[in-house]
Structures are given as structure tokens and as C-alpha cells.
Amino acid sequence: MKFTFKTAAGAMLATLLTAAPVLAESFTFRIGSGHPKGPAPYVTSMSDFFAVEVKARVEAQTDHTVTFVEAYGGSIAGVAETLESVQQGILDFGGYCICFEPSKLFLHNFPYYLAFGPQKSSDAIAAARVVYDENPWLKQVFEDEYKQVFLGLGVWDNYHLGTTFEWDNISDLKGVKVGGAGPNLAWLEYIESIPVQSTLPEGYLALKTGVYDGWLMVPSAYNGFKFYEPAPYYTLIGFGAMPVIALTANKKKMESLPEDVRNIILEVGAEWEQGNGAAMDKVQAFGLGKLKENNATIKTLPESVREEWAQSLAGFPKAQVADAEGRGFPGKAVMQSYIDAAKTVGHDWPVEYALD
């Protein structure tokens, strides 16, 4: 073979390209939520675990660096705006309660449609993980419809009922306005209360000014947002822990990242989910303890009344399945999956929900 300047130059160029190191980059990510860090535990873990671990691992395992701009408490997006903000790229990462997307994420709210589910957050999120694994459609919706990558599930601790007044009988709650996230307002039909859709950030003032006199809420948030001040009566009912928190990333942003950075983000997102259940079990115990310290009056609903309440909702899942199927969603498959998965983790449903 005749050696020429052209072949020498080509060989030199190939060598340079092969030997060229990956250029180190500095990435700035915007992460946010409509709920604040502190009173909302899932936001606290987004900040103290997810953001911290992604930054640390990227800088330890790659040549890149990462900076997070953290925007919680609605400073960039409110509780009902976070999904859209991630979709549009206003936020690179967002954490939000699926409950505030009752239309766009109708079926993803399946735990709310199956009240009196797993009482421990660790059991609820373990069951929900099975549902997501068995029904990949749930994750695909985020990518196909809302241009974001689903990173992990978060969970609320067990739901109960707080009120501004003391009550002894279900009849005392008839006609009383009670706030809730939206998908859980159907729980109030049994007691004939008046449901009011609301959000945590507005709850304190609404309770104090009489916009409503009750609130369907978990102990961690009831204590964290100081609802015990305007509404000191907290009745333990046990509607169940709700694995309805989503942590997502803008899909275009993820695709633009080097593979090693992208893999670290996925890895940390999965670990964030894995730690949420046990952490929220502790948070619930802490929340109940703090409510007692803060002089809230705590009582437990008699089991007989709880069973009646559960029976009153026996037809609710079937109705939601029909609604979901009418929208073209796999309603029965998803909800049956959760019923079965909850049993697998040891939960005994107080009512046998029939889906057809």
C-alpha cells in the first residue's frame, strides 16, 4: 500500500478522535414542587436526598459537575402546575401529588378509588410498585402525553379526618364542609358532608376563616401545616396511605444528558422511591406524636362505624373503572392489580371491592 500525506493525516485524525476525552460539562438543573420543603416530607426528601445524591454521584463518578436550583413551595409552579411545568421545561425535575391532576392523570389516582387500603406507607408503596411494573402503561403516559420521564413514586401517610369542632356521631358531620385534594372527596358521601376541593397551602386560612370545618389529611401534613391550631380535633379513620406522589424529569432534558449522568439520575430516582415507604411510616408516627404534644384531641373511630363507612364505598371502584375504561384507559387491570398487590403485602380489605 502506498503511503501518502492524505493517509497519514487520516490516520492521525482517527487517533486523535479515538483518544479524545469526553469533555467535562457543568449542568444546572431546576427542581421544584408546589408544596414546601419541611411540612411536605416528599419535598424534603427531594431536596435532601435526590438533589444531594445526584450532585454527589455525578461529581464522584464522572467528569461533570451539577448545580440544583431548588424552587419549592410554588415559587415556580403551584401544586396543580408542576406536571405542566416539567412538560414545558420550566422545571427540569418536579415532584407533585397526582391528586391535583384528576383529569390528565385520572387512572394514576387509583389508590384514592380504593379507600381503606394499606395502612402503612411502606406497604402501600410496595403494592403500588407492583401495579406500575405490571401495567407499564402508567409510566408510558408520562412520556407519551406529558414529555417527561417517570423517576419514582412517593407516598402520603395514612389519611384521617381533622375538624374544627368535636363530634361523637356520624350524624354530627352531616352538612359540614370538608376539604380534600379532589379524588378523595367521594369518601365523604357516607357522612353526607359537603366536599370542598382544596390544597395544603390554603388549608390553614380556610379552616381558620370557616371556608370549611374539616379536612381529610395525613398526620405528617396536618402537623406540618399546623392545622391543629384552627382544627384541633383529629379522628383516626384509616382511609389508607396513598402512593400518589410522582417525581419526574423533562424528557428532552434527560435525552440531552450524557449517558452516565442520565443513568445516575435514574438510579437515584429509584432509590428515592425505595426509601419513601419506611421514611413515611416514621413520619406518620412522628406527626401523631407532635399532634398530641401540640394539644390536638385525638380519638379513634369505632371499628363498626369504619366498616360501615367502607361498605358505603363498595361501588365506588366499579364506577371509577367504568369511567377509566370509557376514556380508553386500562381501569380494571390497574385497580385489580392494586387490590391483589395489597393483599400480597398483608393488607386485609374491610370490603370486597367488585370491579365488574
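Thresholds, definitions, all that
Residues numbered from 1 in each chain as written. Predicted model: local features only at pLDDT ≥ 70, side-chain atom pairs only at ≥ 80, totals over all residues. Heavy atoms only, no water. Axes fitted to C-alpha atoms, helices over the stretch in contact; angles between N-to-C directions. Helix = DSSP H or I, 4+ residues; strand = E, 2+ residues; numbered from the N terminus. Parallel < 35°, antiparallel > 145°, perpendicular 65-115°, else oblique. Left-handed = near helix turned anticlockwise from the far one by under 90°. Contact = heavy atoms within 4.5 Å. Nonpolar A, V, L, I, M, F, W, Y, C, P; charged D, E, K, R; others polar. Core = buried A, V, L, I, M, F, W, Y, C linked by side-chain atoms within 4.5 Å. Buried < 20%, exposed > 50% of the residue type's maximum accessible area, 1.4 Å probe, protein only. Salt bridge = Lys/Arg side-chain N within 4 Å of Asp/Glu carboxyl O. 1 Å grid on protein atoms, 1.4 Å probe; cavity = no way out; pocket = protein on both sides within 12 Å on 5 of 7 lines; lining within 4 Å. Points joined across faces, edges and corners; volume = space filled by probe spheres on them. Pairing = 2+ DSSP bridges. Expected span 1.5 Å × (residues − 1). Phe/Tyr/Trp six-rings, centres within 6.5 Å; stacked < 30°, edge-to-face > 60°. Lys NZ or Arg CZ within 6 Å of the ring centre and 35° of its normal.

Engineer: Provide a residue-level description of the packing of helix α5 (residues 121-134) against helix α13 (residues 331-344), including the pertinent values.
Structural biologist: When two helices pack together, you describe them by how their axes are tilted relative to each other and by the distance separating the axes. The contact between α5 and α13 brings their axes to 9 Å, and the two run at 140°. Here α5 lies oblique to α13, going by the angle between them. Crossing angle aside, the handedness with which α5 passes α13 is right-handed. Along the contact surface, α5 presents A124, A127, A128, V130, V131 and E134, while α13 presents V334, S337, Y338, A341 and A342. When grouped by side-chain class, the residues that make up the contact of α5 with α13 number nine nonpolar, one polar and one charged.

Engineer: Outline the nonpolar core, supporting the account with residue identities and numerical values.
Structural biologist: Counting 114 residues, the largest nonpolar core has F50, Y112, W156 and I265 as the members making the most contacts within it. Per-element accounting of this core gives the leading share, eight residues, to helix α10 (residues 259-293). With residues up to four places along the chain from it excluded, the contact list for I265 reads F29, F50, V54, F93, L151, M254 and L257.

Engineer: Could you give an account of the pattern of salt bridges, with specific residues and numbers?
Structural biologist: Following the criterion strictly, the structure yields 17 salt bridges and no others. For E267, the salt bridge goes to R57, with nearest N and O atoms at 2.7 Å. With a gap of 210 residues between them, E267 in helix α10 and R57 in helix α2 (residues 41-61) connect regions that are remote in the sequence. For R57, a relative accessible area of 13% translates into the label buried. Here R129 ties to D133 by a salt bridge, and the two come within 2.9 Å at their closest N and O atoms.

Engineer: Pulling in residues and values, what's your account of empty space enclosed by the protein?
Structural biologist: Taken as a whole and judged by the stated rule, the model has three cavities of 30 Å³ or more. Of the volumes computed, that of the largest cavity is approximately 70 Å³. Every residue along the wall of the largest cavity is listed here: H35, C99, F100, W156, Y159, A181, S198, T199, L200, W215 and M217. Residues belonging to the lining of the largest cavity are distributed by class as follows: eight nonpolar, three polar and no charged. Each pocket or cavity is described by its volume, and for the second largest cavity that value is around 50 Å³. Listing elements by their share of the lining of the second largest cavity, those giving two or more residues are β9 (233-236) and β11 (297-300). Residue contributions to the lining of the second largest cavity peak at three residues, all from β9.

Engineer: Break down the packing of α2 against α10 for me, with residues and values.
Structural biologist: The contact between α2 and α10 brings their axes to 9 Å, and the two run at 145°. The handedness of the crossing between α2 and α10 is right-handed. Here α2 contributes P41, Y42, S45, M46, F49, F50, E53, V54, R57, V58 and Q61 to the contact with α10, which in turn contributes V261, I264, I265, E267, V268, G269, E271, W272, N276, M280 and V283. Residues that form the contact of α2 with α10 fall into these classes: 14 nonpolar, four polar and four charged.

Engineer: Now, about the pairing of strand β4 (residues 148-156): what can you tell me, with residues and values included?
Structural biologist: Of all nine residues in β4, nine are buried, a share of seventy percent or more. Sheet topology note: the β4/strand β10 (residues 242-250) ladder contains seven bridges and is antiparallel. Bridge pairing in β10 places Q148 opposite N250.

Engineer: I'd like to hear about the sheet that holds strand β3 (residues 93-97), residue by residue, with values.
Structural biologist: With mixed pairing, five strands are arranged side by side in an open sheet as β2-β1-β3-β10-β4. Here the strands that pair on one side only, and so sit at the sheet edges, are β2 (65-71) and β4. Ignoring strand direction, the axes of neighbouring strands in this sheet form an average angle of 20°. Inspection of the sheet shows strand β1 (residues 26-33) paired to β2 by seven bridges, in the parallel sense. Following the sheet pairing, R30 is matched in β2 by V69.

Engineer: Quick one: what's the story with the environment of G224, residue by residue and with numbers?
Structural biologist: Considering the arrangement of structural elements, one finds G224 in helix α8 (residues 219-224). Considering only alpha carbons, one finds G224 and R57, 167 residues apart in sequence, at a separation of 31 Å.

Engineer: Tell me about α13, and please be specific about residues and values.
Structural biologist: The end-to-end C-alpha distance of α13 is 20 Å, a good match for the 20 Å that 14 residues give at a rise of 1.5 Å each. Along α13, the positions that sit buried rather than exposed are G331, V334, M335, S337, Y338, I339, A341 and A342. Count one or two residues on from α13 and you reach G346, which has phi positive near 105°.

Engineer: So, the packing of aromatic side chains: which residues are in play, and what are the values?
Structural biologist: The description of an aromatic ring pair rests on the distance of the ring centres and on the angle between the ring planes. Applying the stated criterion to the full structure yields 28 aromatic pairs. Between F29 and F93, the ring centres sit 5.3 Å apart and the planes meet at 85°, which makes this aromatic pair edge-to-face. Note that F29 is positioned in strand β1 and F93 in strand β3, a separation of 64 residues in sequence. Under the relative-accessibility criterion, F93 is labelled buried at 1%. In textbook terms, an aromatic cluster arises when at least three aromatic residues are bridged by ring pairs, as seen for F110, Y132, F142, F150, Y338, W349 and Y353. Directly above the aromatic system of W167 lies the positively charged group of K299, at a separation of 4.6 Å from the ring centroid. Stacked on the ring of F106, the Lys or Arg R327 has its end atom at 3.9 Å from the ring centre.

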